[in-house]
Amino acid sequence: MAFPIQRLRRLRATPQIRRIVRETSLEPANFILPLFVVNGESVRKEISSMPGNYQTSIDQTIEICRDAQAASIGGVILFGIPDQKDEDASGAFANDGIVQRAITAIKRELPRLLVITDVCNCEYTSHGHCGKVIHGDVDNDITLDWLAKGAVSHARAGADIVAPSDMMDGRVAAIRSALDKEGFSNTPILSYAAKFASAFYGPFREAAESTPQFGDRRSYQMDPANAREAMREIQMDLEEGADMIMVKPAMPYLDIIREARERFDAPISAYQVSGEYSMIMAAVRNGWIDEERAMMESLTSIKRAGAGLILTYFAVKAARLLNSPAC
Ligand code: PBG
């Protein structure tokens, strides 16, 4: 049966009708806000390419977390920027490191706020790579040890979930076994399973001061052309014990999210990364697109593709909009 019996415009006619036939809806619990924590007191330094996002000292991070909790978002994910970087990323797993102290402080002030931590070394190494560099390349198995120590230090400080983002082979198994050995068998792992070597991380590297000093990350992050390999990465991470997986970036990889949703039953998240945010905000600042509509449309597309959880720099703004009576 086709036109003129079928007229799809009938169900688009009014906001009331559109509302009851809407297939995808967003809620504040879907959003996780990334935060960049630095040392110091009263620091709130805006990241120039990411308007509305800051490097903050622990006291200011807590204030942002208060707003995040008031907006009922799902939680926050912490990135640390240490004062000192070294060859061996010692700040990544120091018990008094910047992230470890931030977790404890946030949990003390806001015990009900979900705190996820990014487990990686690139913010802590002097060369900006995600692990131990030997002969110009990141050594996989030595790096596993650093990651396991980092994850345990986060769990010990009070992190609710740890999220490894380094793309070493075997890191989920290494982290799971270290957590279990140290008494954290209930700490879930959210693995950045399909993480692509993407140009869209550009602004993040300014925010986290983690640009590689030589070379790039293509020997560990995935080639943007590869979808089947992404499925292998996800499958291996799940077999190693990942509780949730992530696809990153989000919008240029919606097909990967969709395919993962169809193949796997574990919760799937996606990271709308810094460059995705910066592109939208740059167009907004030029008056070329409407901020609220572009924000909600981009987030809806990621959820529609199959991600139940979205890491996004819009988290609080989008949640506030959803919470507002007009919405
Ligand atoms: C690395 C890490 C990166 C991001 C999250 N974790 C950057 C990278 O791999 O270079 C990117 C997030 C973003 O761009 O918003 N530990």
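Our structure's up above, just so we're on the same page.
Small disclaimer: the values here were computed from a predicted structure and weren't measured. (Residues numbered from 1 in each chain as written. Predicted model: local features only at pLDDT ≥ 70, side-chain atom pairs only at ≥ 80, totals over all residues. Heavy atoms only, no water.)

### Here's the deal with the overall build of the protein chain
- Within the protein chain one finds 11 helices and 12 strands.
- Its C-alpha atoms give the protein chain a radius of gyration of 20 Å, within 12% of the compact-globule value 20 Å for 327 residues.
- With the principal axes as the frame, the protein chain shows a C-alpha extent of 70 × 45 × 40 Å.
- Out of the 327 residues belonging to the protein chain, those deemed buried represent 54%.
- Taking the intrachain contacts of the protein chain between residues at least 6 apart in sequence as the baseline, contacts between residues at least 24 apart amount to 74%.
- Looking at the protein chain as shown, the accessible area adds up to about 15,100 Å², and 50% of this sits on carbon and sulfur atoms. (Helix = DSSP H or I, 4+ residues; strand = E, 2+ residues; numbered from the N terminus. Rg over C-alpha atoms; globule rule 2.2 N^0.38 Å. Buried < 20%, exposed > 50% of the residue type's maximum accessible area, 1.4 Å probe, protein only. Contact = heavy atoms within 4.5 Å. Areas by Shrake-Rupley, 256 points an atom, 1.4 Å probe, with all protein chains shown as cover.)

### Digging into a positive patch on the surface
- Taken together, the side chains of Arg7, Arg9, Arg10 and Arg12 define a basic patch exposed on the protein surface.
- Structurally, Arg12 can be placed in the segment before helix 1 (15–21). (Patch = residues over 30% accessible without salt bridge, like charges linked within 9 Å, V, L, I, M, F, W, Y side chains within 5 Å. Salt bridge = Lys/Arg side-chain N within 4 Å of Asp/Glu carboxyl O. Lys, Arg positive; Asp, Glu negative; His and termini not counted. Charge placed at Lys NZ, Arg CZ, Asp CG, Glu CD.)

### Side note on the pairing of strand 10 (residues 244–248)
- Burial of strand 10 is extensive: five of the five residues sit out of reach of the surface.
- Residues of strand 10 alternate between two faces, with Met244, Met246 and Lys248 on one and Ile245 and Val247 on the opposite face, all of them buried.
- Examined bridge by bridge, strand 9 (residues 190–195) and strand 10 share four bridges and lie parallel to one another. Each bridged residue has a counterpart across the sheet, and for Lys195 the counterpart in strand 10 is Lys248.
- Across three bridges, strand 10 lies against strand 11 (residues 268–272) in parallel orientation. (Pairing = 2+ DSSP bridges.)

### Quick notes on the environment of Glu259
- Among the structural elements, Glu259 can be located in helix 8 (residues 254–263).
- Judged by relative accessible area, which is 26%, Glu259 ranks as partly exposed.
- In this structure Glu259 touches Ala227 and Met231, once residues within four positions along its chain are discounted.

### A short note on the site of the ligand
- Taken together, 18 residues surround the ligand, and among them Lys195, Arg205, Lys248, Ser274 and Tyr313 come closest.
- In this structure, Lys195 approaches the ligand through a side-chain N or O atom, which is 2.8 Å from an oxygen atom.
- In this structure, Tyr313 approaches the ligand through a side-chain N or O atom, which is 2.6 Å from an oxygen atom.
- Summarising the interface, the protein chains cover 100% of the accessible area of the ligand, which totals 400 Å² for the free molecule.
- With respect to the pocket detection grid, the ligand is positioned in the largest cavity.
- Residues belonging to the shell around the ligand are distributed by class as follows: nine nonpolar, three polar and six charged. (Near = heavy atom within 4 Å. Polar contact = N/O pair within 3.5 Å; in protein donor to acceptor, adjacent residues only side chain to side chain. 1 Å grid on protein atoms, 1.4 Å probe; cavity = no way out; pocket = protein on both sides within 12 Å on 5 of 7 lines; lining within 4 Å. Sits in = over half its atoms within 2 Å of the grid points. Nonpolar A, V, L, I, M, F, W, Y, C, P; charged D, E, K, R; others polar.)

### Digging into helix 11 (residues 315–323)
- Of all the positions in helix 11, only Ala315, Val316, Ala318, Ala319 and Leu321 are classed as buried.
- In this structure, the buried residues of helix 11 make contact with strand 1 (31–38), helix 2 (58–70), helix 10 (291–305) and strand 12 (309–312).

### Quick look at the layout of surface pockets
- As a volume, the second largest pocket reaches approximately 330 Å³.
- Leu33, Gly52, Tyr54, Ile64 and Val316 are, among the 18 residues lining the second largest pocket, the residues nearest its centre.
- Ranked by the residues each element gives to the lining of the second largest pocket, the list is headed by strand 1, at four residues.
- Broken down by class, the residue content of the lining of the second largest pocket amounts to 11 nonpolar, three polar and four charged. (Points joined across faces, edges and corners; volume = space filled by probe spheres on them.)

### What to know about the pattern of salt bridges
- Evaluation of the coordinates by the stated rule reveals 14 salt bridges.
- The salt bridge involving Glu262 is made with Arg258; its shortest N-O contact spans 3.2 Å. With Glu262 and Arg258 both in helix 8, this residue pair falls four residues apart, about one helical turn.
- Shared partners join several salt bridges into a network, and the residues in it are Glu63, Arg66 and Glu109.

### What to know about the packing of aromatic side chains
- In total, this model carries nine aromatic pairs according to the counting rule given.
- Three or more aromatic residues link up through ring pairs in this structure, and these residues are Phe36, Phe79, Tyr192, Phe204, Tyr271, Tyr277, Tyr313 and Phe314.
- Note that Lys248 overlies the ring of Tyr201, its terminal NZ or CZ placed 4.5 Å from the centroid. (Phe/Tyr/Trp six-rings, centres within 6.5 Å; stacked < 30°, edge-to-face > 60°. Lys NZ or Arg CZ within 6 Å of the ring centre and 35° of its normal.)

### As for empty space enclosed by the protein
- This structure, assessed with the given rule, holds two cavities of 30 Å³ or more.
- By volume, the largest cavity amounts to about 110 Å³.
- Along its surface, the largest cavity is lined by 15 residues, and Cys122, Lys195, Phe204, Gln221 and Lys248 are the ones closest to its centre.
- When residues of the lining of the largest cavity are traced back to their parent elements, those giving at least two are strand 9 and helix 6 (202–208).
- For the lining of the largest cavity, the residue count by class is seven nonpolar, two polar and six charged.

### Observations concerning the pairing of strand 12
- Side-chain alternation along strand 12 places Leu309 and Leu311 on one buried face and Ile310 and Thr312 on a second face that is also buried.
- Two strands pair when backbone bridges link them, and strand 1 and strand 12 are joined in this way by two bridges, in the parallel orientation. Directly across from Ile32, in strand 12, lies its bridge partner Leu311.
- Here strand 11 pairs with strand 12 via four bridges, running parallel. Pairing of Ala270 across the sheet is with Ile310, part of strand 12.

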